[in-house]
Amino acid sequence: NAGVTQTPKFRVLKTGQSMTLLCAQDMNHEYMYWYRQDPGMGLRLIHYSVGEGTTAKGEVPDGYNVSRLKKQNFLLGLESAAPSQTSVYFCASRMGQVYEQYFGPGTRLTVT
Amino acid sequence: QQQVKQSPQSLIVQKGGIPIINCAYENTAFDYFPWYQQFPGKGPALLIAIRPDVSEKKEGRFTISFNKSAKQFSLHIMDSQPGDSATYFCAASRSGGSNYKLTFGKGTLLTVNP
């Protein structure tokens, strides 16, 4: 099992450009999460999904959109990137009724 | 409102020392308290977790101490090794309506010198 994978690993965008980050998990987990990690800020929840076709806002959702068309994939979109979105993005997943979240390796995004 | 406060921000110890990282929470509905370990360039990984019905949990060299009345919990690393150098995050969650979301502390960068 690959666990949780993220694509791409690194990306540089110019202000105003758009992009989509892909998260895939092969553990048949119902729940999936997108976090951003900034120095001194810990991990902050952007959006999450409790199942295929459902999404919900987390702590810092502004400027991001998500979609979960397939159970194994969770996409994070930036429609018009801003320098404030420079961060490391982590995806995580977990089974229902189980607390533990499994994290992907992260995507380092720089917006210039 | 920061629901989980973690301290210190950084910590340097010598090999064999016992670093202690502390967390305090506000929401008494939390019922699961994990610690995640993160190495540079990697995603966080669950290290150890505790429920509020016990005061201590040990797994190898890692121990969580939990004080429900004070709403505090801490991570102790016995006989620390250079390989333990990483960032540690405490977190808290509750079952039910919150969908088991994790609320993280801001992290502690631990350096264990040889």
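Going by the structure above, here's the rest.
Quick notes on the rules
- Residues numbered from 1 in each chain as written.
- Chains lettered and ligands numbered in written order.
- Predicted model: local features only at pLDDT ≥ 70, side-chain atom pairs only at ≥ 80, totals over all residues.
- Heavy atoms only, no water.
- Helix = DSSP H or I, 4+ residues; strand = E, 2+ residues; numbered from the N terminus.
- Rg over C-alpha atoms; globule rule 2.2 N^0.38 Å.
- Contact = heavy atoms within 4.5 Å.
- Areas by Shrake-Rupley, 256 points an atom, 1.4 Å probe, with all protein chains shown as cover.
- Lys, Arg positive; Asp, Glu negative; His and termini not counted.
- Charge placed at Lys NZ, Arg CZ, Asp CG, Glu CD.
- Disulfide = S-S within 2.5 Å.
- Buried < 20%, exposed > 50% of the residue type's maximum accessible area, 1.4 Å probe, protein only.

Novice: Explain the overall build of chain A residue by residue, including any values.
Specialist: What chain A contains, in helices and strands, is zero helices and 11 strands. N-terminal to C-terminal, the α/β element order of chain A is β-β-β-β-β-β-β-β-β-β-β. Taken over the C-alpha trace, chain A has a radius of gyration of 13 Å; the compact-globule value for 112 residues is 13 Å, and the two agree within 12%. Its C-alpha atoms give chain A principal-axis dimensions of roughly 40 × 30 × 25 Å. Put simply, 54% of the contacts in chain A that link residues at least 6 apart link residues at least 24 apart. When the accessible surface of chain A is split by element, carbon and sulfur atoms take 52% of a total near 5300 Å². Seen as two clouds, the 11 positive and the 8 negative side-chain charges of chain A have centres 6 Å apart.

Novice: Before we move on, can you summarise the state of the cysteines with the specific residues and values?
Specialist: This structure, assessed with the given rule, holds two disulfides over all chains. Residue pairing for C23(A): its cysteine sulfur links by disulfide to C91(A), the two sulfurs lying 1.9 Å apart. Because the sign of the S-S torsion sets the handedness, a value of about -75 degrees for the bond joining C23(A) and C91(A) places this disulfide among the left-handed ones. Here C23(A), found in strand β3 (residues 19-25), pairs with C91(A), found in strand β9 (residues 87-94); they are 68 residues apart in sequence, far enough to count as distant. Neither residue differs from the other here; C23(A) and C91(A) are each classed as buried. Disulfide partner of C23(B): C90(B), at an S-S distance of 1.8 Å. Torsion about the S-S bond of the C23(B) and C90(B) cystine: about -95 degrees, corresponding to left-handed handedness. Of this pair, C23(B) sits in strand β3 (residues 20-25) while C90(B) sits in strand β9 (residues 86-92), and the two are 67 residues apart along the sequence. With relative accessibility at 3%, the residue C23(B) sits in the buried group.

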